[in-house]
Protein chains: 2
Amino acid sequence: MNPESALKALRECRDRIDVLDLRILALLNERTRIVEEIGRIKQELAMPIYEPKREDEVFRNVTENNRGPLTAEGVKRVFERIIDEMRNVQRLRMLE
Amino acid sequence: MNPESALKALRECRDRIDVLDLRILALLNERTRIVEEIGRIKQELAMPIYEPKREDEVFRNVTENNRGPLTAEGVKRVFERIIDEMRNVQRLRMLE
């Protein structure tokens, strides 16, 4: 590959990533809306926000179904961050 | 909502989350494959893996297009983790 076509390929890869990121973003916001719904239900049932058993289920779902190239540990760390952000949203809603 | 139907609604929300998570997982792995491709191109061009300007572009793309309910800061933190994991993958590949 000459430098010119390599740079072109790089640009194309980045364009594909930008499109993918917006799809990931849309799913993250959809997930957050469901988490907000769960927050309302839990408030009605007087259930705690933090349920370690459910979080284990979430991690198991994604790591057992992971075919890579991300490692199981990498997947777990990304979902830890996702869960953490959504717990923040649930906490904020409960203060409203 | 009586407790029984609240619990049913909770289970349904969780099922929807499990399905969503597998879609997010698939996109994350697709993104990783593109990042691996970028790693190969950069190696050919003798370019550095870490390019802060490109990372700013990635953050701008997702935060400017974010309509919530996740906050811009939350979105940025999730994508920081995603980028970090993919940089790990790129580094591992270069050691192969």
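None of the values given here were measured: they were computed from a predicted structure.

Trainee: Describe the overall build of chain A, and please don't skip the residues or the numbers.
Mentor: The secondary structure content of chain A amounts to three helices and zero strands. Tracing chain A from N to C terminus, the helices and strands come up as α-α-α. Against the globule reference of 12 Å for 96 residues, chain A gives a C-alpha radius of gyration of 18 Å, more extended than a compact globule. Counting all 96 residues of chain A, 45% fall into the buried class. Here the contacts in chain A between residues at least 6 apart in sequence split such that 65% fall between residues at least 24 apart. Entry remark: accessible area of chain A is about 5,400 Å², with carbon and sulfur atoms responsible for 50%.

Trainee: Describe the confidence of the model for chain A, with residues and values.
Mentor: All names here are of chain A. With 97% of its residues at a pLDDT of at least 70, chain A reaches an overall mean of 92. Model confidence for chain A, summarised as mean pLDDT per element, is weakest for helix α3 (residues 72-95) at 88 and strongest for helix α2 (residues 52-64) at 96. Predicted complex, confidence summary: ipTM 0.94, pTM 0.94.

Trainee: Any chance you could break down the packing of aromatic side chains for me, citing the residues and the numbers?
Mentor: Taken as a whole, this structure holds zero aromatic pairs over all chains when the rule is applied. Of note, K76(A) hangs over the ring of F59(A), and the distance from its end group to the ring centre comes to 5.0 Å.

Trainee: Got a sec to walk through the interface of chain B and chain A? Specific residues and values, please.
Mentor: Facing the 56 residues of chain B at the interface are 57 residues of chain A. Here chain B and chain A share an interface that buries about 5,400 Å² over both sides, 70% of which is from carbon and sulfur atoms. Linking chain B to chain A there are ten salt bridges. Of the charged contacts, one joins D21(A) and R31(B) as a salt bridge, the two residues approaching to 2.6 Å between their closest N and O atoms. The interface formed by chain B and chain A includes 17 residue pairs in polar contact (both at pLDDT 80 or more). Top element by residues in the side of chain B that touches chain A is helix α1 (residues 3-45) of chain B. It accounts for 32 residues. The class makeup of the residues in the side of chain B that touches chain A is 29 nonpolar, eight polar and 19 charged.

Trainee: Outline the relation of the copies chain B and chain A, listing residues and values.
Mentor: For the pair of chain copies, the relating operation is a rotation around an axis with a shift along it. Once chain B is rotated about the relating axis by 180° and shifted along it by 0.0 Å, it coincides with chain A to within an RMSD of 0.0 Å. The superposition operator between the copies reduces to a two-fold rotation axis. Closest approach to the rotation axis among the C-alpha atoms of chain B is made by I24(B), whose C-alpha sits 3.1 Å away. A share of 100% of interface residues in chain B that are also interface residues in chain A marks the association as one of identical surfaces.

Trainee: Got a sec to walk through the packing of helix α1 (residues 3-45) of chain A against α1(B)? Specific residues and values, please.
Mentor: Put simply, α1(A) and α1(B) touch, their axes get as near as 9 Å, and they point 165° apart. Taken together, the axes of α1(A) and α1(B) are roughly antiparallel relative to one another. In the packing of α1(A) onto α1(B), the handedness of the crossing is left-handed. Its residues assigned to classes, the contact of α1(A) with α1(B) comprises 32 nonpolar, no polar and 16 charged.

Trainee: Now, about the pattern of salt bridges: what can you tell me, with residues and values included?
Mentor: According to the stated counting rule, one finds 26 salt bridges over all chains in the structure shown. The salt bridge partner of K8(A) is E12(A), with a shortest N-O separation of 3.3 Å. With K8(A) and E12(A) both in helix α1, this residue pair falls four residues apart, about one helical turn. Judged by its relative accessible area of 47%, K8(A) falls in the partly exposed class. Taking relative accessible area as the criterion, E12(A) reaches 41% and is therefore assigned partly exposed. Salt-bridge contacts for D18(A) lead to R54(B); the nearest nitrogen and oxygen are separated by 3.1 Å. In this pair, D18(A) sits in helix α1 while R54(B) sits in helix α2 (residues 52-64), so the two residues belong to two different chains. Bridged by salt links that share partners, the residues E55(A), R81(A), D84(A), E85(A), R87(A) and R77(B) form one connected network.

Trainee: Which residues make up the environment of I82(B), and what values go with them?
Mentor: Assignment of secondary structure puts I82(B) in helix α3 (residues 72-95). Between the C-alpha atoms of I82(B) and L28(B), which are 54 residues apart in sequence, the distance is 8.0 Å. The contact partners of I82(B), leaving out residues within four places of it in the chain, are I24(A), V78(A), L28(B) and R31(B).

Rules used in this analysis
- Residues numbered from 1 in each chain as written.
- Chains lettered and ligands numbered in written order.
- Predicted model: local features only at pLDDT ≥ 70, side-chain atom pairs only at ≥ 80, totals over all residues.
- Heavy atoms only, no water.
- Helix = DSSP H or I, 4+ residues; strand = E, 2+ residues; numbered from the N terminus.
- Rg over C-alpha atoms; globule rule 2.2 N^0.38 Å.
- Buried < 20%, exposed > 50% of the residue type's maximum accessible area, 1.4 Å probe, protein only.
- Contact = heavy atoms within 4.5 Å.
- Areas by Shrake-Rupley, 256 points an atom, 1.4 Å probe, with all protein chains shown as cover.
- pLDDT = per-residue confidence, 0-100.
- Phe/Tyr/Trp six-rings, centres within 6.5 Å; stacked < 30°, edge-to-face > 60°.
- Lys NZ or Arg CZ within 6 Å of the ring centre and 35° of its normal.
- Buried area = accessible area lost by both parts, 1.4 Å probe.
- Salt bridge = Lys/Arg side-chain N within 4 Å of Asp/Glu carboxyl O.
- Polar contact = N/O pair within 3.5 Å; in protein donor to acceptor, adjacent residues only side chain to side chain.
- Nonpolar A, V, L, I, M, F, W, Y, C, P; charged D, E, K, R; others polar.
- Least-squares fit on C-alpha atoms with pLDDT ≥ 70 in both.
- Axes fitted to C-alpha atoms, helices over the stretch in contact; angles between N-to-C directions.
- Parallel < 35°, antiparallel > 145°, perpendicular 65-115°, else oblique.
- Left-handed = near helix turned anticlockwise from the far one by under 90°.

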